[in-house]
Amino acid sequence: MAVEGAAADTEAGLAGRTEVVGGIESLVLDGRRLWFGFDFTSDQVLSPLIDDAGAMARFAARHMRQRTGAHDEAYWAELVASAVDSSDLVWRDEQRAFTTSALEAGDAGPAAGHLLYLLDAATEWDGHAPADLPAAGLPADVPADLPADLPAEGEEAEQALRAHHAVGNWSLLFAPYIRGLPHRTSARGR
């Protein structure tokens, strides 16, 4: 059974993140392995979360590069397989294992630092917001389409804004985390 939303569109690349040199990483969410492309130079994810090893290899062959250029699916399949047992982003396996229930409870455990790193790497939010929101304790440019029930002020609010602008289907990982943050109960003061 696939993780809901993890059967990502592997035909289209992520806007502005195609034909970039990168490698393959993986994480586990609710017991299901999810792969993704990663550009270690710019600290950006290059793909949606993909729950099928073959689909990840096809995506990478179509949209990613290595320093030696483009490669076929067989080449990428080897990198996908190696991403199960190793990571260039974290030292320990438990740093890349998440459960929705733990994230919703506000406990990312030993993966907390990695989660926040990925949140930054998988966002398109530029950090700017409308000028009428600083009184609500939010960063200077909050998008108008955000729900009124934002997390508490400061850093947590900024994390919610980044999650709201996650590329591809990365909300699979970030939405439960944001639900687990302390939330204000009133509207944002608009």
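Residues numbered from 1 in each chain as written. Predicted model: local features only at pLDDT ≥ 70, side-chain atom pairs only at ≥ 80, totals over all residues. Heavy atoms only, no water.

A.B. asks: Looking at this structure, how should I read the nonpolar core?
C.D. replies: When a protein is soluble and globular, its nonpolar side chains tend to lie buried together. Of all hydrophobic cores here, the largest spans 28 residues; its most connected members are Leu27, Trp170, Leu173 and Phe174. Breaking this core down by element, the ones donating at least two residues are β2 (23–29), β3 (32–39), α4 (112–121), α5 (155–164) and α6 (171–179). In terms of residues, this core owes the most to one element, α6, which gives five residues. Excluding anything up to four places from it in sequence, Phe174 contacts Leu115, Leu118, Leu119, Ala122, Ala163 and Ala166. Grouped together as the second largest cluster of nonpolar side chains are 13 residues, Ile24, Ile50, Ala55 and Ala83 included. (Core = buried A, V, L, I, M, F, W, Y, C linked by side-chain atoms within 4.5 Å. Buried < 20%, exposed > 50% of the residue type's maximum accessible area, 1.4 Å probe, protein only. Helix = DSSP H or I, 4+ residues; strand = E, 2+ residues; numbered from the N terminus. Contact = heavy atoms within 4.5 Å.)

A.B. asks: In this structure, what is going on with the confidence of the model for the protein chain? I would like to understand it.
C.D. replies: Reading predicted coordinates in detail is not appropriate for stretches of low pLDDT. Overall, the predicted model of the protein chain reaches an average pLDDT of 81, with 73% of residues at or above 70. For the protein chain, per-element mean pLDDT is lowest for α5, which scores 70, and highest for helix α2 (residues 73–85), which scores 98. With pLDDT under 50 throughout, residues 1–5 is counted as low confidence; its partners more than four residues away or in other chains account for eleven contacts. For residues 184–190, every residue scores under 50 in pLDDT, and the model assigns this stretch 24 contacts once sequence neighbours within four places are set aside. (pLDDT = per-residue confidence, 0-100.)

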